[in-house]
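The primary structure of each chain is shown beneath.
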Amino acid sequence: MDTLESIYGILFKTESTIYEVKKTNNFYKTILILLIVSFINALYISNSFLASIITTLTIFISIIFLGLFLSMFIALGSNFLGGNASIKDTLEIFIYSTLPFIFFPIFSLFFISKLFLFIWFFIIFSIGLKVLNNFSITKAIVSIFFYIRYFISNKLFTFSYYYLIFNS
Amino acid sequence: MLQYSIMEKKILTDKIFATLILIVCFTFSAISLYSKPKEYKKDLLKTNNLFNDLSSLNIVDDKPDIAIIDISGPIMYSSDDDPFSTNLGNANKIISSLEDIKNENIKAVLIRLNSPGGTASASQSIYQKIMSLRKNNGIKFFALMQDVAASGAYYIASACDKIYCSPSTITGSIGVIMQVMDLTSLGNKIGYQTNVIKSGKYKDIGNSFRKMSDDEKKLLQEMINDTYNEFLKAVSNGRNMDINLVRKLADGRIYTGNQAYANRLVDKLGTQEDAINDLAKLINVSGTPKVKNYNKPSWEKIFESFGVKLPLSNALKPIETNITLNKIPLMLYI
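Position labels on residues start from 1 in each chain and follow its written sequence. Written order determines the labels here, with chains lettered from A and ligands numbered from 1. Local features in a predicted model are, by the rule used here, given only for residues with pLDDT of at least 70; side-chain atom pairs are given and counted only at 80 or more, and totals for whole chains, interfaces and linings are based on all residues. Remark: hydrogens and water are excluded; side-chain values derive from all non-hydrogen atoms of the structure.

### Quick look at the packing of aromatic side chains
For this analysis, a ring pair means two rings from Phe, Tyr or Trp (six-membered ring only for Trp) whose centres lie within 6.5 Å, classed as stacked if their planes differ by under 30 degrees, edge-to-face if by over 60, and tilted for the remaining angles. Counted according to the given criterion, the structure contains 20 aromatic pairs over all chains. Look at Tyr 44 of chain A and Phe 104 of chain A: their rings are 6.1 Å apart centre to centre, the planes differ by 75°, and that puts the pair in the edge-to-face class. You can see Tyr 44 of chain A sitting in helix H3 (residues 27–45) and its partner Phe 104 of chain A sitting in helix H6 (residues 104–109), a full 60 residues away along the chain. On the basis of an interplanar angle of 90° and a centroid distance of 5.7 Å, the ring pair of Phe 94 of chain A and Phe 121 of chain A is categorised as edge-to-face. Of this pair, Phe 94 of chain A sits in helix H5 (residues 87–97) while Phe 121 of chain A sits in helix H7 (residues 115–133), and the two are 27 residues apart along the sequence. Its relative accessible area of 4% is what places Phe 94 of chain A among the buried residues. Ring pairs connect the aromatic residues Tyr 8, Phe 12, Phe 103, Phe 107, Phe 116 and Trp 120 of chain A together with Phe 17 of chain B, which therefore count as one cluster. For helices the rule is a DSSP run of H or I covering at least 4 residues; for strands it is a run of E covering at least 2, with both sets numbered from the N terminus onward. For each residue, the accessible area found with a 1.4 Å probe, counting protein chains only, is set against the maximum for its type, and the residue is called buried under 20%, exposed over 50%, and partly exposed in between.

### Re a nonpolar patch on the surface
Where nonpolar side chains cluster on the molecular surface, the patch consists of Phe 80 of chain A together with Leu 186, Ile 190 and Tyr 192 of chain B and spans about 390 Å² of accessible area. Counting through the fold element by element, Phe 80 of chain A comes out in helix H4 (residues 49–80). To count toward a patch, a residue needs a relative accessible area over 30% and no salt bridge; like charges are then connected within 9 Å, while nonpolar side chains (Val, Leu, Ile, Met, Phe, Trp, Tyr) are connected within 5 Å. Areas reported here follow the Shrake-Rupley algorithm with a probe of radius 1.4 Å; residue values treat only the protein chains shown as occluding. Salt bridge criterion: a side-chain nitrogen from Lys or Arg within 4 Å of a carboxyl oxygen from Asp or Glu.

### A word on the pattern of salt bridges
Under the criterion given, the structure shown has 18 salt bridges over all chains. As a salt-bridge pair, Asp 14 of chain B and Lys 13 of chain A come within 2.6 Å of each other at their nearest N and O atoms. Here Asp 14 of chain B, found in helix H1 (residues 6–34), pairs with Lys 13 of chain A, found in the loop between helix H1 (3–12) and helix H2 (14–24), and the two come from separate chains. Judged by relative accessible area, Asp 14 of chain B falls into the buried class, the value being 10%. By relative accessible area, which is 26% here, Lys 13 of chain A ends up partly exposed. With a closest N to O distance of 3.2 Å, Asp 161 of chain B and Arg 134 of chain B form a salt bridge.

### Comments concerning the environment of Arg 247 of chain B
Residues and elements named next belong to chain B. Following the sequence through the fold, Arg 247 ends up in helix H8 (residues 243–249). Put simply, Arg 247 and Tyr 228 are 19 residues apart on the chain and 9.7 Å apart in space, counted from C-alpha to C-alpha. Any two residues whose heavy atoms approach within 4.5 Å are treated as being in contact. Residues in contact with Arg 247, not counting those within four places in the same chain, are Tyr 228, Asn 229 and Leu 232.

### Brief notes about the confidence of the model for chain A
All names here are of chain A. Confidence per residue, as judged by the predictor, is encoded in pLDDT with a range of 0 to 100. In this model, chain A carries an average pLDDT of 81, and 86% of its residues clear a pLDDT of 70 or more. Per-element confidence in chain A is highest for H5, whose mean pLDDT is 91, and lowest for strand S1 (residues 160–162), whose mean pLDDT is 47. The low-confidence segment residues 153–168 (pLDDT under 50) makes 70 contacts with residues lying over four places distant or belonging to another chain.

### Focus: the environment of Thr 171 of chain B
Residues and elements named next belong to chain B. With respect to the helices and strands, the residue Thr 171 is situated in strand S7 (residues 170–172). Residue classification places Thr 171 among the buried positions, given a relative accessible area of 1%. Thr 171 sits 86 residues away from Gly 257 along the chain, and the two C-alpha atoms are 6.9 Å apart. Ignoring sequence-local partners within four residues, the contact set of Thr 171 consists of Met 145, Ala 149, Ala 150, Tyr 154, Arg 253, Ile 254, Tyr 255, Thr 256 and Ala 260. Side-chain atoms alone can form a polar contact between residues adjacent in sequence; in general such a contact is a pair of N or O atoms within 3.5 Å, and within protein one must be able to donate a hydrogen while the other accepts it. Side-chain polar atoms of Thr 171 contact the backbone oxygen of Ala 149, separated by 2.8 Å.

### Quick notes on the confidence of the model for chain B
All names here are of chain B. Residues at a pLDDT of 70 or more form 78% of chain B, whose mean pLDDT is 80. Ranking the helices and strands of chain B by mean pLDDT puts strand S6 (residues 162–165) first, with 96, and helix H12 (residues 311–321) last, with 43. When the criterion is pLDDT under 50, residues 39–54 qualifies, and its contacts beyond four places in sequence or with other chains add up to 32 contacts. Contacts of residues 305–334 to residues separated by more than four positions or lying in other chains number 63 contacts, the stretch itself having pLDDT below 50.

### Quick word on the packing of H1 of chain A against H3 of chain A
Residues and elements named next belong to chain A. A fitted line through C-alpha atoms serves as each axis, taken over the contacting stretch for helices, and the angle formed by two N-to-C directions is quoted from 0 to 180°. Running from amino to carboxyl end, H1 crosses H3 at an angle of 70°, the nearest separation of the two axes being 11 Å. Classified by the interaxial angle, the pair formed by H1 and H3 is roughly perpendicular. Between H1 and H3 lies a crossing whose hand is right-handed. Counting all contacts with H1, which are made through Thr 3, Ser 6 and Ile 7, the residues of H3 involved are Lys 29, Leu 32, Ile 33 and Ile 36. Residues are grouped as follows: Ala, Val, Leu, Ile, Met, Phe, Trp, Tyr, Cys and Pro are nonpolar; Asp, Glu, Lys and Arg are charged; all remaining types, including Gly, are polar. Within the contact of H1 with H3, the residues separate by chemical class into four nonpolar, two polar and one charged. Here roughly perpendicular refers to angles of 65 to 115 degrees, roughly parallel to angles under 35, roughly antiparallel to angles over 145, and oblique to all remaining angles. A crossing counts as left-handed when the near helix is turned anticlockwise from the far one by less than a right angle, and as right-handed when that turn is clockwise.

### A look at the nonpolar core
To form a nonpolar core, buried Ala, Val, Leu, Ile, Met, Phe, Trp, Tyr and Cys residues must be joined to one another through side-chain atoms within 4.5 Å. In this structure, Ile 69, Ile 111 and Phe 141 of chain B are the most contacted members of the largest nonpolar core, which totals 51 residues. A per-element tally of this core places helix H7 (residues 214–239) of chain B first, with seven residues. When residues of this core are assigned to domains, at least three map to each of domain 1 (41–173 + 253–321) and domain 2 (174–250) of chain B. Not counting the four nearest positions on each side in its chain, Phe 141 of chain B is found in contact with Leu 98, Val 109, Ile 111, Ile 130, Leu 133, Arg 134, Cys 160, Asp 161 and Lys 162 of chain B. Grouped together as the second largest cluster of nonpolar side chains are 45 residues, Ile 10, Leu 34, Ile 93 and Phe 135 of chain A included. An automatic or database domain assignment is the source of the domain bounds shown.

### A look at unusual backbone geometry
You will see that Asn 134 of chain A, though not glycine, has its phi angle at about 60°, which is positive. Looking at Asn 134 of chain A, the relative accessible area reads 64%, which means it is exposed. With a phi angle near 55°, Ser 173 of chain B is a residue other than glycine that sits in the positive phi range.

In structure tokens form, the structure reads like this:
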């Protein structure tokens, strides 16, 4: 399965594509996809071509770092729930889930809400985790929120001058 | 004529669609890149804070008349040497910026606050630093509250000579909070237990997997009260208000800018321009005062020299601010 097939498949036929991608285990393809996502968004937000090259690198690095950080906790969460995904595999799925953001410039230019892209990202990520760990979609969703629980329970035992509003 | 199987046709169709999608996305991005007006590009290179300073402010790179410090997001101590840190609530960085301002003999500082608060110790340290610079170095401090400047942010603002805000700024929330999650039922449901071996009765106080006892609650309440009294003293000293009056206002409630002004918690309802102009008059600067932002993340400074608005900040924000329960109400004119 080559890159173009993977791009189309992840966006529109997520589950079957991720099964195929999991079999081939090609990390260079993942990097290429991330570069494509980064470059499209960099062109949109930069003000010159040179700046867009630098911005591509910064977006690329920031998604890798963010993905790595989140993957550590999400892999922990999914292992806790009976899965067996590694941090590297979870990071790959995270990177694939950023594919909907290639539509970010189009959505921005036509004033369409980008919330849809975040929902799409979340759906791909959940399905990816489900396939990767071989468990249910509910457990996949719970493992995504596992990292938030970790921070809430450990970090809030401090004195805080905080204004907090709780919604349900 | 090439014969394709159904499978091959399907793969070919997927590839064609993927190519079309990529071409369309690249095209739109390229159109966006080359259609940005030249004035916008010049401003990006010139200004050092895209969202706040595209205005009439005279921003300089050398010694300014007025230093600006942004305090944004949760206020707490973070590592000083993290090159990717974009946390504008990092107390170490803020105090270090204040020290730089003192060393450069700058006579006036505008603290721009957009924060729901933070840890008690970080807020106290910044407050103490401001008070010390006011007393020992004669530096004038004005605070400008933006969307939200509650709790720990108000603590810091109360150290300033004057506080400005807009009528719908959210402020107040003078008080202390501590949260400990009670996950006992969840633990019982999923069969999760902890075995705690401890040296003292209160060593595992706040353990989420057992119920908190009454004497533990009492102990924590005493600590909260102690910290609360510190907050009251700080506001009373900073604002020259009677501590009993502060106590009446400090039941933890939030105030709009209008309400805060009516209760003397802020000095003036005004904009950034008002604050800068009044500060300039106070230090006898005529004409448009020169301003400079003193606590931008260092990586943003490097990349902005290339004219690049750094997306790194946005990507890393969730890591740095994920301890907040991110439900800040904003009043919007929509």
